[in-house]
Amino acid sequence: MTVESTAARKPRRSAGSKAGSTGTKRSTTGTKSTTSRTAAKKAPGTEPELVQLLTPEGKRIKNAEYDSYVAGITPEELRGLYRDMVLTRRFDAEATALQRQGELGLWASLLGQEAAQIGSGRATREDDYVFPTYREHGVAWCRGVDPTNLLGMFRGVNNGGWDPNSNNFHLYTIVIGSQTLHATGYAMGVAKDGADSAVIAYFGDGASSQGDVAEAFTFSAVYNAPVVFFCQNNQWAISEPTEKQTRVPLYQRAQGFGFPGVRVDGNDVLACLAVTKWALERARSGEGPTLVEAYTYRMGAHTTSDDPTRYRHDDERAAWEAKDPIARLRGYLESETDTDEGFFAELEAESEALGRRVREAVRAMPDPDHFAIFENVYADGHALVDEERAQFAAYQASFADVEEGK
């Protein structure tokens, strides 16, 4: 069975059909503004067009296209989404603190992006496969990966502390954008096997400028791969703002590759859940790839080695704080469900217990082997590596000499 025949196991509907025209509408929304060379910049005081089901104030908005994907959600399930976001944020805060205390070498915080990750993560099925970057701690939580297993790599004691096949959650990818190619290849294999599962690849707005991402878009479209590209546009690629990378909204790039794109409010967990469910169902039914742009904000630093105060203003951060994803869902729970203060109090205690568990687990980890970096570079060793190892050993020994002289 050829890749071509299996990739097209369910032919795409024509642009004139209902599904095809809907997909085109999603991918080209806002194209009238692209006639201007400054279209990528929003007019002062305006908000980007996106799918939103829950306002920043916690008010439910009706949406004819996506309401059906969350129509049956229960108050208990809403509380579950809230719990996911709170515990993920607590874990992330503890990891940041541990890095500041010297327990981790680096940490990439997800602060502010909880709704995008929890909403999309909870939209996946157990048999779907996830390809993350290095910031998808919330998605890892949804896939059942123990938070403490994420920290070994950042401490330098392993290359990833979990078996990807146990949770269908790939190891973190540090190389920017390459996981989109991995996901596309895996999705092409899924199609060849005739499975009805889907693949989802996470990346950021900065990675959207990488050639690997463009190649993944090309292959996935040509082979009709069952993959969802989930771009968390947190407005900053380290210190580079989004408008310095693209002349059009990121989701519109999908149109040029021949598949639909949609922009969703990345701080709205219900909207992220609904849109990702739609995209994954589309992939499973043989309609090919989708680009989802979750429009959100990186509230903290790019990583703990970064200082965002050098390139962005406090008023920008304050404006996004008013759209906080956790506060938004709490407002809805308090006003529209029977959730009482007892739930929030219990969750607070649970989050503190999680923080303690993470802290104890990291401090129980071994110290990283400073010389492991020289191992397995060459199969049979190399004189240059031996020389570099000796130089590094001498450098390490110099600190012991200083300590002894005190």
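Just so we're clear, the structure is a prediction, and the values are computed from it rather than from any experiment.

Further remarks concern the sheet that holds strand β1 (residues 129-131). Spatial ordering of the open sheet is given by β1-β2-β3-β7-β6, a layout of 5 strands whose pairing is parallel. The two strands at the open ends of the sheet, each matched to only one other strand, are β1 and β6 (261-265). Taken pair by pair, the neighbouring strands of this sheet meet at an average axis angle of 20°, ignoring direction. In the sheet, strand β2 (residues 199-204) pairs with strand β3 (residues 227-233) via 6 bridges, with the strands oriented parallel. Counterpart to Gly 204 in the pairing with β3 is Gln 232.

Counted under the stated rule, the structure contains 25 salt bridges. Close ionic contact of Arg 79 with Glu 76 constitutes a salt bridge, the shortest N to O distance being 3.1 Å. Of the two residues, Arg 79 and Glu 76 are both situated in helix α3 (residues 75-100); the distance of 3 residues between them amounts to about one turn of the helix. The exposure class assigned to Arg 79 is buried, which follows from its relative accessible area of 13%. Between Glu 375 and Arg 389 there is a salt bridge, with its nearest N and O atoms 3.9 Å apart. Taken together, the residues Glu 375 in the loop between α14 (341-364) and α15 (383-404) and Arg 389 in helix α15 connect sequence positions 14 residues apart. Under the relative-accessibility criterion, Glu 375 is labelled partly exposed at 45%.

With 66 residues, the main nonpolar core has Tyr 82, Leu 151, Tyr 172 and Leu 329 as its most contacted residues. With 11 residues, the single largest contributor to this core is helix α11 (residues 269-284). Of all hydrophobic cores here, the second largest spans 22 residues; its members include Ala 187, Phe 217, Ala 221 and Leu 291.

In terms of residue burial, β3 counts as a mostly covered element, since 7 of its 7 residues are buried. Here β3 shows two buried faces, one formed by Val 227, Phe 229, Cys 231 and Asn 233 and the other by Val 228, Phe 230 and Gln 232. This β-α-β element, β2 to helix α9 (residues 211-222) to β3, shows right-handed connectivity. Relative to strand β7 (residues 290-295), β3 runs parallel, the two sharing 6 bridges. Within β7, the residue paired with Val 228 across the bridge is Thr 290.

With that settled, the discussion passes to α3. The α-helix winds at 3.6 residues per turn, so residues separated by three or four positions along the chain end up facing the same way. End to end, α3 covers 38 Å across 26 residues, agreeing with the expected 38 Å (1.5 Å per residue, within 8%). Gly 102 lies just past α3 and shows a positive phi near 90°.

Looking now at empty space enclosed by the protein. This model, assessed by the stated rule, comprises 1 cavity of 30 Å³ or more. Reported here for the largest cavity is a volume of approximately 30 Å³. Every residue along the wall of the largest cavity is listed here: Phe 203, Ser 208, Phe 217, Cys 231, Leu 250, Arg 253 and Leu 291. Classifying every residue of the lining of the largest cavity gives 5 nonpolar, 1 polar and 1 charged.

Basis of the calculations
- Residues numbered from 1 in each chain as written.
- Predicted model: local features only at pLDDT ≥ 70, side-chain atom pairs only at ≥ 80, totals over all residues.
- Heavy atoms only, no water.
- Pairing = 2+ DSSP bridges.
- Helix = DSSP H or I, 4+ residues; strand = E, 2+ residues; numbered from the N terminus.
- Axes fitted to C-alpha atoms, helices over the stretch in contact; angles between N-to-C directions.
- Salt bridge = Lys/Arg side-chain N within 4 Å of Asp/Glu carboxyl O.
- Buried < 20%, exposed > 50% of the residue type's maximum accessible area, 1.4 Å probe, protein only.
- Core = buried A, V, L, I, M, F, W, Y, C linked by side-chain atoms within 4.5 Å.
- Right-handed = clockwise from strand over helix to strand, strands pointing away.
- Expected span 1.5 Å × (residues − 1).
- 1 Å grid on protein atoms, 1.4 Å probe; cavity = no way out; pocket = protein on both sides within 12 Å on 5 of 7 lines; lining within 4 Å.
- Points joined across faces, edges and corners; volume = space filled by probe spheres on them.
- Nonpolar A, V, L, I, M, F, W, Y, C, P; charged D, E, K, R; others polar.

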